[in-house]
Amino acid sequence: MTKFYACMFILILLPAGTSSFMLEAVGILVGGAATAVVAPFALSAAGFTAAGITAGSWAASAMSAAATYGVGMGLVSTFQAAGAAGIGVATVGAGSVAGGIVGHAASHVKESSQK
C-alpha cells in the first residue's frame, strides 16, 4: 500500500500533460526503491530477523497459525529467508514491476479524469 500512496503523491506533483510512459517510469522507480529500502525494515518490524523469528512478534503469531492450521508455512518461510538473508535482486525487480503496474493504472486514471 505504501507504493500506491507514493505513486499517487508523485502523480499529484507531475504536471497535467505528463505522458503515460513517464507515469509508468516513475512507478517503476518508486516501486523498486520502496522494495529495496522499506521491505527490510518492514520484515524486521514484523519479527523476521537474521537471528530468527522474534518471540511474541507478528511473525511468531503467523508461524504458530501456519503450524496449527497447516496453511501458510511456505509464506512464513519465505519471509524468514528474506529477513535473514536480505532482499534479493529478483524481489526488487518484482517491486519495480508492481510499481510499473500502479503507474500504468495511474496514467489511465489521470487520462480519464482529464476528459
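Located above this text is the structure these notes cover.
Throughout, residues of each chain are indexed from 1 in the direction in which the sequence is written. Where totals are concerned, whole chains, interfaces and linings use all residues; where local detail is concerned, this predicted model gives features only for residues with pLDDT of at least 70, and gives and counts side-chain atom pairs only at 80 or more. Think of the side-chain values as coming from all heavy atoms in the structure, minus any hydrogens and water.

1. Things to note about the overall build of the protein
So, point 1. Where helices and strands are cited, they refer to DSSP runs of H or I of at least four residues and of E of at least two residues respectively, numbered from the N terminus. Regarding its fold elements, the protein presents five helices and two strands.
So, point 2. In the protein, the succession of α and β elements from N to C terminus is α-α-β-β-α-α-α.
So, point 3. Burial status across the protein gives 30% buried among its 115 residues.
So, point 4. Note on contacts: a residue pair qualifies if any of its non-hydrogen atoms lie within 4.5 Å across the two residues. A separation threshold of at least 6 residues defines the contact pool for the protein, and within that pool the share at least 24 residues apart is 70%.
So, point 5. Working definition of accessibility: Shrake-Rupley area with a 1.4 Å probe, residue cover restricted to the visible protein chains. Accessible area for the protein stands at about 6900 Å²; split by element, carbon and sulfur atoms hold 74% of it. Only protein chains enter the accessibility calculation, which uses a 1.4 Å probe. A residue is then buried if its area is under 20% of the maximum for its type, exposed if over 50%, and partly exposed in between.

2. Structural notes on the layout of surface pockets
So, point 1. For the largest pocket, the calculated volume is near 190 Å³.
So, point 2. Along the walls of the largest pocket sit Ala39, Ala42, Leu43, Ala46, Phe48, Trp58, Phe79, Ala82, Ile87 and Thr91, which together make up its complete lining.
So, point 3. Among the elements that take part in the lining of the largest pocket, helix H2 (residues 20–46) stands out by supplying four residues, more than any other. Residues are said to line a cavity or pocket when one of their atoms sits within 4 Å of a point; the points come from a 1 Å grid over protein atoms alone, cavities being sets where a 1.4 Å probe fits but cannot get out and pockets being open sets with protein on both sides within 12 Å along at least five of seven lines. Grid points are joined across faces, edges and corners, and a volume is the space filled by probe spheres set on the points.

3. Points about the packing of aromatic side chains
So, point 1. Note on aromatic pairs: the rings of Phe, Tyr and Trp (six-membered ring only in Trp) are paired at centre separations within 6.5 Å, and the planes decide the class, stacked below 30 degrees, edge-to-face beyond 60, tilted for the rest. Taken as a whole and judged by the stated rule, the model has two aromatic pairs.
So, point 2. Ring plane angle 70 degrees and centroid distance 6.2 Å describe the contact between phenylalanine 48 and tryptophan 58, whose orientation is recorded as edge-to-face. Of this pair, phenylalanine 48 sits in strand S1 (residues 48–49) while tryptophan 58 sits in helix H3 (residues 58–69), and the two are 10 residues apart along the sequence.
So, point 3. Accessibility expressed as a relative area gives 54% for tryptophan 58, which makes it exposed.
So, point 4. A network of ring pairs unites the aromatic residues Phe48, Trp58 and Phe79 as a single cluster.

4. Some thoughts on the nonpolar core
So, point 1. Only buried Ala, Val, Leu, Ile, Met, Phe, Trp, Tyr and Cys residues count toward a nonpolar core, and they belong to the same one when joined by side-chain atoms within 4.5 Å. Formed by Leu43, Ala46, Phe48, Ala59, Ala62, Ala66, Val76 and Ala82, the largest nonpolar core amounts to eight residues.
So, point 2. When contributions to this core are tallied by element, the ones reaching two or more residues are H2, H3 and helix H4 (73–85).
So, point 3. It is H3 that contributes the most residues to this core, three residues altogether.

5. Side note on a nonpolar patch on the surface
So, point 1. Exposure above 30% relative accessible area and no salt bridge define the residues that can form patches, which grow by joining like charges within 9 Å and nonpolar side chains of Val, Leu, Ile, Met, Phe, Trp and Tyr within 5 Å. The salt bridge criterion pairs a side-chain nitrogen of Lys or Arg with a carboxyl oxygen of Asp or Glu, the two atoms within 4 Å. A cluster of nonpolar side chains, namely Val37, Val38 and Phe41, defines an oily patch on the protein surface of about 300 Å² accessible area.
So, point 2. For valine 38, the location among the structural elements is in helix H2.

6. Topic: H3
Since the α-helix packs 3.6 residues into each turn, any two residues three or four apart lie on the same face.
So, point 1. Expected helix span is given by 1.5 Å per residue-to-residue step, counting one fewer step than there are residues. Taking 1.5 Å per residue, 12 residues should reach 16 Å; H3 reaches 16 Å between its end C-alpha atoms and fits that length.
So, point 2. Those residues of H3 that sit buried are Ala59, Ala62 and Ala66. Taken down its axis, H3 places every buried residue within 60 degrees of arc, on the same side. Opposite the buried face of H3, at more than 90 degrees from it, the exposed residues are Ala67 and Thr68.
So, point 3. Here a polar contact is taken to be a pair of N or O atoms separated by no more than 3.5 Å, where protein atoms must pair a possible hydrogen donor with a possible acceptor and residues adjacent in sequence count only if both atoms sit in side chains. Measuring from the side-chain oxygen of the N-cap residue of H3 to the backbone nitrogen of alanine 59 gives 3.3 Å; that N-cap residue is serine 57. Note that the arc is computed from the directions linking the helix axis to the C-beta atoms.

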